[in-house]
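Coordinate inspection notes
Spelled out, the chains give:
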Amino acid sequence: MTRSERRAARIAVDLLGGDDAPAVVVDGALLALNADPVLRLLPVGPRAVLDDLLARLPAAHSDRVEPVPVETDGTLPVHAAIRLVSADRADAVVSAGATGSAVRSAVAHCGRYPGLRRPALAVTVPAARGPLILLDVGAAPDPTAADLVRHAVLGAGYAMATLGVARPRVGLLSIGTEPGVGDELRRAADRLLAAGMLPPDTEYAGLVEGYDVPVGGVADVVVTDGFTGNVLLKGIEGALRLGSGPGELGVGGVPVADGVPRAAALLGVAAPVVVCHGAANGSDVASGIGFAARMATGHTIERVAQMDRVFRELTRAPGGVRGDEATTGPAEDDRRRQ
């Protein structure tokens, strides 16, 4: 199927998200429309910002843009954008705004996977020996060991869907690779993962260290808490900016600029939600919009959800770990069909 033959993805865009919004988001929206002839956008923001976007919009693109005004009534555009997805008016959301706002709204309006306590933000790191998935990078700073196991499952499904890895190797970030190292959280998660908690077609690679992430080769997915993952990602970002040349897209079409991951996918909610870097420029936003469109048309979230369903079925099986031991928090039905 050619690009012109595939179904048009409808992407809701938060016009006020990001350090330099709305200017860079408007620029990014226009760039994304130029790059994809079937893309449809639902820009969400104040009327004045929408008017600026529409004034700059070429006539040829006018039928592919549906502006959604949000006036100054206290409603953030990201909340309104996510409600468009939950109402099936949009297929995915892109925001470069505050991560917490996007996560809370996605959970409230789209729903978490059953039994999942916290969703996770995943980025694709362009490691030297091949790209890998790093999660969580900011959505769940205080997970339990069971949360890390669940995030490992989500990351494995995401690696299959975006990197084409047939049997993902999952590593757990710690301060060493010797048995028993790390804090109580890491030791508990290591025991669960080593006990065979992962679904078939995945492999636990054991503990990995910080330098294994930018180097790669040890694991296809690296799991950690959101606090440590965010610190590590920003450290990698600083190092890559010193030594890397410019770039646009990494493996799987994931946005990467100057070697730095510029967009994260929220895993564990029943809709494609892409959070761009807060310092994103127009090109970064355009790449994030294109990434969201590929997630929607490629059914990435559905493929991650399928891996999660396999995990839940295994943990409920006789002799397996009971679901309430493998996942913390009350089960919650998804508000959108997976």
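Reading the values: the criteria
Residues numbered from 1 in each chain as written. Predicted model: local features only at pLDDT ≥ 70, side-chain atom pairs only at ≥ 80, totals over all residues. Heavy atoms only, no water. Helix = DSSP H or I, 4+ residues; strand = E, 2+ residues; numbered from the N terminus. Buried < 20%, exposed > 50% of the residue type's maximum accessible area, 1.4 Å probe, protein only. Areas by Shrake-Rupley, 256 points an atom, 1.4 Å probe, with all protein chains shown as cover. 1 Å grid on protein atoms, 1.4 Å probe; cavity = no way out; pocket = protein on both sides within 12 Å on 5 of 7 lines; lining within 4 Å. Points joined across faces, edges and corners; volume = space filled by probe spheres on them. Nonpolar A, V, L, I, M, F, W, Y, C, P; charged D, E, K, R; others polar. Core = buried A, V, L, I, M, F, W, Y, C linked by side-chain atoms within 4.5 Å. Contact = heavy atoms within 4.5 Å. Pairing = 2+ DSSP bridges.

**Digging into the overall build of the protein**
A count of helical and extended segments in the protein gives 11 helices and 13 strands. The 338 residues of the protein split such that 55% are buried. Here the protein has roughly 13700 Å² of accessible surface; of this, 53% comes from carbon and sulfur atoms.

**A look at the layout of surface pockets**
If you add up the space inside the second largest pocket, you get close to 340 Å³. What lines the second largest pocket is a set of 20 residues, and nearest its centre among them are Asn230, Leu233, Cys276, His277 and Gly278. Those elements that provide at least two residues to the lining of the second largest pocket are strand S5 (120–125), helix H8 (226–243), strand S11 (260–261), strand S12 (263–267) and strand S13 (273–276). Here the element with the most residues in the lining of the second largest pocket is H8; it accounts for four residues. When the residues that make up the lining of the second largest pocket are grouped by side-chain class, the tally is 11 nonpolar, six polar and three charged.

**Re the nonpolar core**
Within the largest apolar cluster, 68 residues are counted, with the highest numbers of intra-cluster contacts made by Ile11, Leu267 and Ile289. Considering each element in turn, this core owes the most residues, 10 residues, to helix H5 (residues 145–163). Here leucine 267 is in contact with Pro119, Ala120, Ala122, Leu135, Leu154, Gly155, Tyr158, Ile301 and Val304, once residues within four sequence places are set aside.

**So, the pairing of S13**
Judged by which residues are buried, S13 turns out to be covered on both faces: Val273 and Val275 on one side and Val274 and Cys276 on the other are all buried. With three bridges connecting them, strand S4 (residues 92–95) and S13 associate as parallel partners. By the bridge assignment for S13, valine 94 is matched with valine 274. Judged from the three bridges that link them, S12 and S13 form a sheet pairing that is antiparallel. Looking at the pairing, alanine 265 lines up with valine 274 of S13. Between S12 and the antiparallel strand that follows it, S13, lie five residues; glycine 268 among them carries a positive phi value of about 110 degrees.

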